[in-house]
Amino acid sequence: MHKITAKARLSPNVTRLDVEAPRIAQIRRPGQFVIVRRGEGAERIPLTIADADLGAGTIALVIQAVGKSTQDLVALEPGEAITDISGPLGHPTELIASGRALCIGGGVGTAVVHPIAQGLHQRGVDVLSIIGGRSKEWVIFEPELHRLGKVIVCTDDGSYGRHGFVTDAAKDELAHGGINIVYAVGPVPMMRAVVKLTKPLGVRTIVSLNPVMVDGTGMCGGCRVDVGHQTKFACVDGPEFDGHEVDFDLLMDRLGTYREFEQQSLASCPEGTCKIGLK
Ligand code: NAD
Ligand code: FES
């Protein structure tokens, strides 16, 4: 059992839970994730380890409540517990050792960018983060990323920071030159747009993919993606890949396959509880 020690609402549908998991806190590396099961028989949910506190023996999980299972998870309160947490899973991020890195986080993907920026900062890499949300209230992890380097905040509606998508700001920063690598995590159209900017410039770009995961062990095939014309499993071969090699069209198609099931699951939620993140 993993006790919840703290809970915070980061945006209208994103919640942070700090959870006791001392062994995982000790050995986790940037880019790795866990699979969480709230209780017996509950759905298994893959979640990035957004942060860890070695002293407290806790890890931070950031959950976007878009379906019944995630809604159930964020309903937990401090003092309550999650039954199973498996991990850390996946390959750690390929971190450069020096130079300048551009870390781009779209919406809830910013929570995934945070440990990458932490790892880069610890190595002495100059970190520039560009993070974005639909409006001010959807921007997350801004103070945490400020501790690691310069941050440019963008909002779709211009309610805070720069008006526009994160890719607009990224285009300007890339034009200045001097960026050795880009890490981009967020909605698939955002990552695809980042890759469209960096590929002609030849700037290496790492993206984190979030296909549907079931077992997290490479056995079920649920998380298969096409990278460099080869089938890869995001859970064991990723979740991070060379963005210039990813087939984003196929990823979009596969994510769309499950939309109907998600709608049905959401429809079973009590009125007004699960609908906020639905597009
Ligand atoms: P969102 O739709 O609110 O977008 C967040 C930001 O991404 C926007 O503010 C904008 O700056 C940028 N963006 C969005 N669409 C863009 C486009 N077409 N071109 C350029 N930039 C664009 O994001 P959200 O609701 O926080 O996240 C939802 C999606 O992110 C879900 O589909 C979820 O599955 C995915 N996600 C991905 C990962 C991952 O590991 N890749 C992790 C968590 C969530
Ligand atoms: Fe089953 Fe990756 S989640 S193969």
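Since the structure is predicted, the reported quantities are computational estimates derived from the model, not experimental observations. (Residues numbered from 1 in each chain as written. Chains lettered and ligands numbered in written order. Predicted model: local features only at pLDDT ≥ 70, side-chain atom pairs only at ≥ 80, totals over all residues. Heavy atoms only, no water.)

What follows covers the layout of surface pockets. The space that makes up the second largest pocket amounts to roughly 230 Å³. If you trace the second largest pocket, you find 13 residues lining it, with Arg-28, Pro-30, Gln-118, Gly-119 and Gln-122 closest to the centre. For the lining of the second largest pocket, the secondary structure elements donating two or more residues are helix 1 (22-27), strand 4 (44-53) and helix 3 (110-122). With four residues, the top contributor of residues to the lining of the second largest pocket is helix 3. (1 Å grid on protein atoms, 1.4 Å probe; cavity = no way out; pocket = protein on both sides within 12 Å on 5 of 7 lines; lining within 4 Å. Points joined across faces, edges and corners; volume = space filled by probe spheres on them. Helix = DSSP H or I, 4+ residues; strand = E, 2+ residues; numbered from the N terminus.)

Another aspect to go through is the site of ligand 1. In the vicinity of ligand 1 lie 21 residues, with Val-108, Arg-134, Asp-156, Ser-208 and Asn-210 positioned nearest. Gln-64 is positioned with one of its side-chain polar atoms (N or O) 3.2 Å from an oxygen atom of ligand 1. Taking Gly-133, its main chain carries an N or O atom lying 3.3 Å from an oxygen atom of ligand 1. Protein contacts shield 80% of the accessible area of ligand 1, which totals 850 Å² for the unbound molecule. Within the residue set of the shell around ligand 1, elements represented by two or more residues are strand 9 (126-133), helix 5 (166-176) and helix 6 (188-198). The residue inventory of the shell around ligand 1, partitioned by class, reads nine nonpolar, nine polar and three charged. (Near = heavy atom within 4 Å. Polar contact = N/O pair within 3.5 Å; in protein donor to acceptor, adjacent residues only side chain to side chain. Areas by Shrake-Rupley, 256 points an atom, 1.4 Å probe, with all protein chains shown as cover. Nonpolar A, V, L, I, M, F, W, Y, C, P; charged D, E, K, R; others polar.)

Trans is the common state for peptide bonds, and a negative phi is the common state for residues other than glycine. The amide bond that connects Gly-87 to the next residue, Pro-88, takes the cis arrangement and shows omega of 0°. With respect to the helices and strands, Pro-88 occurs in strand 7 (residues 84-89). Cis geometry marks the peptide bond from Gly-238 to Pro-239; its omega dihedral reads 10°. Topologically, Pro-239 is positioned in the loop between helix 7 (234-237) and strand 16 (240-242). Although it is not a glycine, Phe-141 adopts a positive phi angle of roughly 60°. By secondary structure assignment, the location of Phe-141 is in the loop between strand 9 and helix 4 (142-146).

With that out of the way, let us pick up the sheet that holds strand 13 (residues 205-208). An order of 11-10-9-8-12-13-16 is seen for the seven strands of this open sheet, with the pairing classed as mixed. Only two strands of the sheet have a single neighbouring strand rather than two, namely strand 11 (162-163) and strand 16. Relative to strand 10 (residues 149-155), strand 9 runs parallel, the two being bridged by seven bridges. Looking at the pairing, Ile-131 lines up with Val-153 of strand 10. Lying on the sheet, helix 3 is in contact with strand 8 (100-106), strand 9, strand 12 (181-185), strand 13 and strand 16; it crosses strand 8 at an angle near 165°. Of the strands in this sheet, strand 8, strand 9, strand 10, strand 11 and strand 12 are in contact with helix 5, which crosses strand 9 at around 155°. (Pairing = 2+ DSSP bridges. Contact = heavy atoms within 4.5 Å. Axes fitted to C-alpha atoms, helices over the stretch in contact; angles between N-to-C directions.)

Right, let's get into the packing of aromatic side chains. Tallying each qualifying case throughout the model produces zero aromatic pairs. Here the basic side chain of Arg-134 rests over the ring of Trp-138, its NZ or CZ set 4.1 Å away from the ring centre. Sitting above the plane of the Tyr-160 ring, Lys-136 keeps its charged end 4.9 Å from the centroid. (Phe/Tyr/Trp six-rings, centres within 6.5 Å; stacked < 30°, edge-to-face > 60°. Lys NZ or Arg CZ within 6 Å of the ring centre and 35° of its normal.)

With that out of the way, let us pick up the pattern of salt bridges. This structure, assessed with the given rule, holds nine salt bridges. For Arg-16, the salt bridge identified is with Asp-18, shortest N-O distance 2.8 Å. Judged on exposure class, the residue Arg-16 and its partner Asp-18 are both buried. (Salt bridge = Lys/Arg side-chain N within 4 Å of Asp/Glu carboxyl O. Buried < 20%, exposed > 50% of the residue type's maximum accessible area, 1.4 Å probe, protein only.)

Looking now at the nonpolar core. Grouped together as the largest cluster of nonpolar side chains are 35 residues, with contacts concentrated most on Leu-102, Ile-104, Ile-130, Val-182, Val-207, Leu-209 and Phe-248. In terms of residue count, the dominant contributor to this core is helix 6 (five residues). Apart from the residues within four sequence positions on either side, Leu-102 is in contact with Leu-128, Ile-130, Ala-170, Leu-174, Ile-179, Ile-181, Val-182 and Tyr-183. Counting residues in each nonpolar core, the second largest holds 28 residues, with Val-62, Ile-116, Ile-140 and Ile-181 among its members. (Core = buried A, V, L, I, M, F, W, Y, C linked by side-chain atoms within 4.5 Å.)

The complete set of buried residues in helix 5 reads Val-166, Thr-167, Ala-169, Ala-170, Glu-173 and Leu-174. Buried residues along helix 5 cover an arc of 155° about the axis, so they all sit on one side. Away from its buried face by more than 90 degrees, helix 5 exposes Lys-171, Ala-175 and His-176. Packed against the buried residues of helix 5 are strand 8, strand 9, strand 10, strand 11, strand 12 and helix 6. Once helix 5 ends, the next one or two residues include Gly-177, with phi positive near 80°. (Arc of directions from axis to C-beta.)

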